[in-house]
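For reference, the chains in residue letters:
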Amino acid sequence: MSLAEETEMTCSEIDDFLGRHETGVLSLAREDVPYAIPISYGYDANERTIYVRLVSAPESEKRRFLASSPTARIVVYEEAEKGSTYRSVVANGALEEISPDELTVRDIQQYGAAKRPLFEIWGRSKENLDINLYRFDPTELSGRRTEIDREPDE
């Protein structure tokens, strides 16, 4: 039998964790309908802000959800190589679309940290895709570390 010990991550552990990673899952909800997608992001630990670049086609479900100003959650997680340590950070809040003419140098640096997915991977021409930039200032930000003490034959 495995025993697990779960602890809350400190603010500095959360900042370090989000700064080390670049991908997560963005979940959007409106009424009773959920929508979740993998994303890449940049993280500013000083401001505790997540920067997201989203690419969408005109008829996409993603665009319909984003247009409705949905509640948002970003989840970033990892599992240690030997499967004995799990970490996750959950951020709740709202996405704020940033107009390109409102971008600051700091914003541009953070979006540059969001390496994937690049719009070049889409099977459509670039002129049929919208690339929108979002700032996510979490209203709730929490992290958990779970250590599992496995028995030798597990």
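Residues numbered from 1 in each chain as written. Predicted model: local features only at pLDDT ≥ 70, side-chain atom pairs only at ≥ 80, totals over all residues. Heavy atoms only, no water.

## Considering the overall build of the protein
Reasoning step 1: Of the regular secondary structure elements, the protein holds 3 helices and 8 strands.
Reasoning step 2: From first element to last, N terminus to C terminus, the protein shows the α and β order β-α-β-β-β-α-β-β-α-β-β.
Reasoning step 3: Residue burial in the protein is summarised as follows: out of 154 residues, 37% are buried.
Reasoning step 4: Restricting the contact set of the protein to residue pairs at least 6 apart, pairs at least 24 apart contribute 73%.
Reasoning step 5: Here the protein has roughly 9,500 Å² of accessible surface; of this, 49% comes from carbon and sulfur atoms. (Helix = DSSP H or I, 4+ residues; strand = E, 2+ residues; numbered from the N terminus. Buried < 20%, exposed > 50% of the residue type's maximum accessible area, 1.4 Å probe, protein only. Contact = heavy atoms within 4.5 Å. Areas by Shrake-Rupley, 256 points an atom, 1.4 Å probe, with all protein chains shown as cover.)

## Here's the deal with the environment of S88
Reasoning step 1: Relative to the helices and strands, S88 is located in strand β6 (residues 85-98).
Reasoning step 2: The spacing of S88 and G143 is 55 residues in sequence and 5.6 Å in space, taken between C-alpha atoms.
Reasoning step 3: When neighbours within four sequence positions are excluded, S88 is seen to be in contact with M9, F17, V76, Y77, S142, G143 and R144.

## Points about the pairing of β6
Reasoning step 1: As paired elements, strand β5 (residues 71-79) and β6 share 9 bridges and run antiparallel to each other. By the bridge assignment for β6, R73 is matched with N92.
Reasoning step 2: Of the strand pairs in this sheet, β6 and strand β8 (residues 140-149) are connected by 8 bridges, and their pairing is antiparallel. Opposite T85, over in β8, you have E147 as the bridge partner. (Pairing = 2+ DSSP bridges.)

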